[in-house]
Amino acid sequence: MVIHCTELPDLATAREFGERIHHESSRTGNCGHFYIDRDGRTEQWAPLHRIAHHIRGFNERSIGIELVNLGRYPRWLESDRQDVTEQYPETQISALIELIRQLAMQHTHLRWISGHQHLDRESVPASDDPAILVQRKIDPGPLFPWPRIKTSTPLKFVKKLPA
């Protein structure tokens, strides 16, 4: 299971972005399996038997959960905009914990949980200065409450996926 933040202003914008074609070979967009809005409302956008394009190299063997959060929006890769300032609301984190618990009970093969930032460590040229490298993905980011997730869910936290 991989936790993300949308790095977009709201759920509607995330939906529109996810429905755009980003992968010509498969004619699919980028999206997670589940989205949790700031108020805790949870929506499933892709069935679990389908591959959701949420993290390069791990899509085939992971469930993607997206949390609505601004992240670095709208200047994702600018060198001076790499701080995340939006806190995750309590209702959103509680909904996430409940979803993880439900999925772990229903799918006993689920063993690990990680963040997008832990699995995609690629650095890319900053959009405002190509001489500066920035991390391509930083979500769910430094304000995400990993200690609470680790103690509240049955899954093992990993920074690198087991083979």
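Described below are features of the structure shown in this document. Numbering of residues begins from 1 in every chain and follows the order in which that chain's sequence is written. Only residues with pLDDT of at least 70 get local features here, since the model is predicted, and only at 80 or more are side-chain atom pairs given and counted; chain-wide, interface and lining totals rely on the full set of residues. To get the side-chain values, take all heavy atoms of the structure and skip hydrogens and water.

Let us look at the overall build of the protein. For helices the rule is a DSSP run of H or I covering at least 4 residues; for strands it is a run of E covering at least 2, with both sets numbered from the N terminus onward. Counting secondary structure elements, the protein contains four helices and eight strands. Going from N to C terminus, the protein has its helices and strands arranged as β-α-β-β-β-α-β-α-β-β-α-β. Over its C-alpha trace the protein gives a radius of gyration of 15 Å, about what one expects of a compact globule, namely 15 Å for 163 residues. The dimensions of the protein, computed from C-alpha atoms along their principal axes, are 45 × 35 × 35 Å. Only protein chains enter the accessibility calculation, which uses a 1.4 Å probe. A residue is then buried if its area is under 20% of the maximum for its type, exposed if over 50%, and partly exposed in between. A total of 163 residues make up the protein; the buried ones form 47% of that total. Here the contacts in the protein between residues at least 6 apart in sequence split such that 69% fall between residues at least 24 apart. Put simply, the protein shows about 8,600 Å² of open surface, and 52% of that area lies on carbon and sulfur atoms. The charge count treats Lys and Arg as positive and Asp and Glu as negative. His and the chain ends do not count. Positions of charges follow a simple convention, taking NZ of Lys, CZ of Arg, CG of Asp or CD of Glu. The centroid of the 21 positive side-chain charges in the protein is displaced by 8 Å from the centroid of its 21 negative side-chain charges. The globule rule used here is 2.2 Å times the number of residues to the 0.38 power, and the radius of gyration it is set against is calculated over C-alpha atoms. Contacts were defined at the residue level, with two residues in contact if any of their heavy atoms lie within 4.5 Å. Computed by Shrake-Rupley with a 1.4 Å probe, the accessible areas treat only the displayed protein chains as cover when residues are assessed.

Once that is clear, we can look at the side chain of E86. Positionally, E86 belongs in the loop between β4 (64–67) and α2 (90–106). Assessed through its relative accessible area of 16%, E86 is described here as buried. As used in this structure description, the phrase polar contact means that two N or O atoms lie within 3.5 Å; if the pair is within protein, one of them must be able to donate a hydrogen and the other to accept it, and residues adjacent in sequence are counted only when both atoms belong to side chains. At a separation of 2.6 Å, a polar atom in the side chain of E86 contacts the side chain of R38. Filtering out sequence-adjacent residues up to four positions away, E86 remains in contact with R38, N69, L70 and L143.

Our next topic: helix α1 (residues 11–19). Regarding α1, the residues found buried are L11, A14 and G18. Along the axis of α1, the buried residues cluster in a sector spanning 55°; they form a single face. Seen from the open side of α1, the exposed residues pointing more than 90 degrees away from its buried face are A12 and E19. Among the structural elements, β2 (34–36) and β3 (42–44) are those in contact with the buried residues of α1. In this structure D10 caps α1, since a side-chain oxygen of it lies 3.3 Å from the backbone nitrogen of A12. Directions pointing from the helix axis toward each C-beta atom define the arc.

On to the pattern of salt bridges, then. Counted as salt bridges are all cases of a side-chain nitrogen of Lys or Arg within 4 Å of a carboxyl oxygen of Asp or Glu. In the structure shown here, the tally under the stated rule is 11 salt bridges. Across the salt bridge formed by R41 and D37, the nearest N and O atoms sit 3.2 Å from each other. For R41, a relative accessible area of 40% translates into the label partly exposed. Of the charged contacts in the structure, one is a salt bridge between R75 and E78, with a shortest N-O distance of 2.6 Å.

Next up on the list: the layout of surface pockets. Definitions used throughout: a 1 Å grid over protein atoms alone; a cavity as a set of points that fits a 1.4 Å probe which cannot get out; a pocket as an open set with protein on both sides within 12 Å along at least five of seven lines; a lining residue as one with an atom within 4 Å of a point. Grid points are joined across faces, edges and corners, and a volume is the space filled by probe spheres set on the points. Reported here for the largest pocket is a volume of approximately 640 Å³. Every residue lining the largest pocket is counted, 30 residues in all, and those nearest its centre are T6, F17, N30, H116 and K137. Among the elements of the structure, β1 (2–5) and α1 are those that each provide at least two residues to the lining of the largest pocket. When residues of the lining of the largest pocket are assigned to their parent elements, the largest contribution, five residues, is made by α1. The nonpolar class holds Ala, Val, Leu, Ile, Met, Phe, Trp, Tyr, Cys and Pro. Asp, Glu, Lys and Arg form the charged class, and all remaining residues, Gly among them, are polar. Split into classes, the residues belonging to the lining of the largest pocket amount to nine nonpolar, 11 polar and 10 charged.

Turning to the packing of aromatic side chains, a few remarks are in order. When two rings of Phe, Tyr or Trp (its six-membered ring) have centres within 6.5 Å they constitute a pair, described as stacked for plane angles under 30 degrees, edge-to-face for angles over 60, and tilted for the intermediate range. A full pass over the atoms with the stated rule returns five aromatic pairs. Their ring planes at 20° and their centres at 3.6 Å tell us that Y35 and W45 sit as a pair that is stacked. Of this pair, Y35 sits in strand β2 while W45 is found in the loop between β3 and β4, placing the two residues 10 residues apart along the sequence. In this structure, Y35 and W45 share a single accessibility class: buried. Geometrically, a lysine NZ or arginine CZ counts as sitting over a ring once it is within 6 Å of the ring centre and also within 35 degrees of the ring normal. Above the ring of W45, the side-chain terminus of R15 is found at 4.4 Å from the ring centroid. The ring of F157 carries K150 above its face, with NZ or CZ at 4.3 Å from the centroid.

Before going further, it helps to examine the environment of L77. Along the polypeptide, L77 turns up in the loop between β4 and α2. Contacts of L77, omitting those with residues within four sequence positions, involve R72, Q82, V124, A126, S127, D128, V134, Q135 and R136.

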